[in-house]
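In case you want the letters, here they are:
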Amino acid sequence: MDVPEAMRAMVLEESRRPLVERRIPVPSPRHHEVLLRVLACGVCRTDLHICDGELTEAKLPLILGHEIVGEVTVLGDDAGLHAVGQRVGVSWLGFTDGTCKFCRRDQENLCDNAEFTGYTRDGGYAEYTVADERYCFPLDADYADAHAAPLMCAGLIGYRTYRLCGDHTEKLGIYGFGAAAHIVAQIARHEGKQIYAFTSPGDTEAQEFARSLGAVWAGGSDEKPPETLDAAMIFAPVGSLVTTALRAVDKGGSVVSGGIHMSDIPSFPYADLWEERIIRSVANLTRADGTQLLELAPTIPVRTEIEEFSLESANEALDALRLGTVRGAAVLVP
Ligand SMILES: [Zn+2]
Ligand SMILES: [Zn+2]
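Residues numbered from 1 in each chain as written. Chains lettered and ligands numbered in written order. Predicted model: local features only at pLDDT ≥ 70, side-chain atom pairs only at ≥ 80, totals over all residues.

Undergrad: Just checking my understanding: could you explain the domain arrangement of the protein for this structure?
TA: Interface size, as often reported, equals the accessible area lost upon joining of the parts. If you check the domain split of the protein, you get domain 1 (6-152 + 304-333) and domain 2 (156-281). Each of domain 1 and domain 2 has a C-alpha centre, and these two points are 27 Å apart. Taken together, the contact pairs 15 residues of domain 1 with ten residues of domain 2. Ranked by residue count, the leading element in the side of domain 1 that touches domain 2 is helix H1 (residues 45-51), at three residues. (Domains from an automatic or database assignment. Contact = placed C-beta atoms within 7 Å. Helix = DSSP H or I, 4+ residues; strand = E, 2+ residues; numbered from the N terminus.)

Take a look at the structure:
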């Protein structure tokens, strides 16, 4: 395929500064890598934490974006898992070493030498990107490009968070009803769970959105749910929600936080944790999570609600996410 020499990219040159539009050389795929023409790239809350310098390992300058839908355009050395012209998805997990103790015990999400797309490797806020082909997922043809993008992080991290809530969950709380919640709510409902959605106090639009996706109850995070929950997921970066959720879950229940960063968690009495309640985080994802979700989503089928932005409008998309005005997921289309 014809590939130009230069491409447009939105570049983070310095943290706490807006992204800058640049024309830069199209990258060349190395060993086991493929060059992808970016068809769509989701905008994730993690991107905000990177821009704001709350995550400190970012390479700079950096092209953000880890919810990439792309077309395989050039194969690097020894690459051949995906054919030229095939559409694939790229997630946050960009590389693992396969040899550390975590990789050897099927916890590649915790790999000591992992690389992350749009954080320690360049991502998809550009016309082209390179990815290690072993971390690219084939995508179901039923999903349009922009609609597939949010599955790659909001979907995957949401799915891992949901699975860690445990099998015995009937009444499931979701704190923060954005991109991840709107995907995972559809899966949970499909599996017969009752969903209790918590939004920012007074955000009646998000509460309506949650009810439209099958939540049996939706209210502000300052409200007590009408029933005791079996487990709760947290997708908002607000540490006080951990103790709020803990007080809402029953004996033996889990509170699982899906975000990579949150404000400090206030101290709380041991009695709130007692009776085998669990607080845990989710870090990254494994390729098995990806394969499972991408097989499951089209069978339900999970529908993603998106708001499209042009590539040059990446700063506006980030601002909209920060202000909480995006319904569903923000997606950049070059
Ligand atoms: Zn993400
Ligand atoms: Zn490893």
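Undergrad: Would you explain the nonpolar core in this entry?
TA: In globular proteins that are soluble, nonpolar side chains generally tend to be buried together. Counting 108 residues, the largest nonpolar core has Tyr125, Ile174, Tyr175, Ala232, Ile234, Val331 and Leu332 as its most contacted members. Sorting elements by how many residues they give to this core places strand E3 (residues 33-43) first, with eight residues. Shared between two domains, this core holds at least three residues of each, these being domain 1 (6-152 + 304-333) and domain 2 (156-281). Sequence-distant contacts of Tyr175, that is, excluding residues within four places in its chain, are made with Phe198, Ser221, Ala232, Met233, Ile234, Phe235, Ala236, Leu241 and Ala245. (Core = buried A, V, L, I, M, F, W, Y, C linked by C-beta atoms within 7 Å. Buried ≥ 20, exposed ≤ 12 C-beta atoms within 10 Å, placed from the backbone.)

Undergrad: Explain the pairing of strand E13 (residues 229-234) to me, please; I cannot follow it from the model alone.
TA: With six of its six residues buried, E13 lies for the most part within the structure. Two elements, strand E10 (residues 171-175) and E13, share four bridges in a ladder whose sense is parallel. Bridge pairing links Gly173 to Ala232 in E13. Sheet topology note: the E13/strand E14 (residues 249-257) ladder contains five bridges and is parallel. Paired with Ala231 across the strands is Ser254, a residue of E14. A crossover links E13 with its parallel partner E14, the connecting element being helix H7 (residues 240-248), and its sense is right-handed. (Pairing = 2+ DSSP bridges. Right-handed = clockwise from strand over helix to strand, strands pointing away.)

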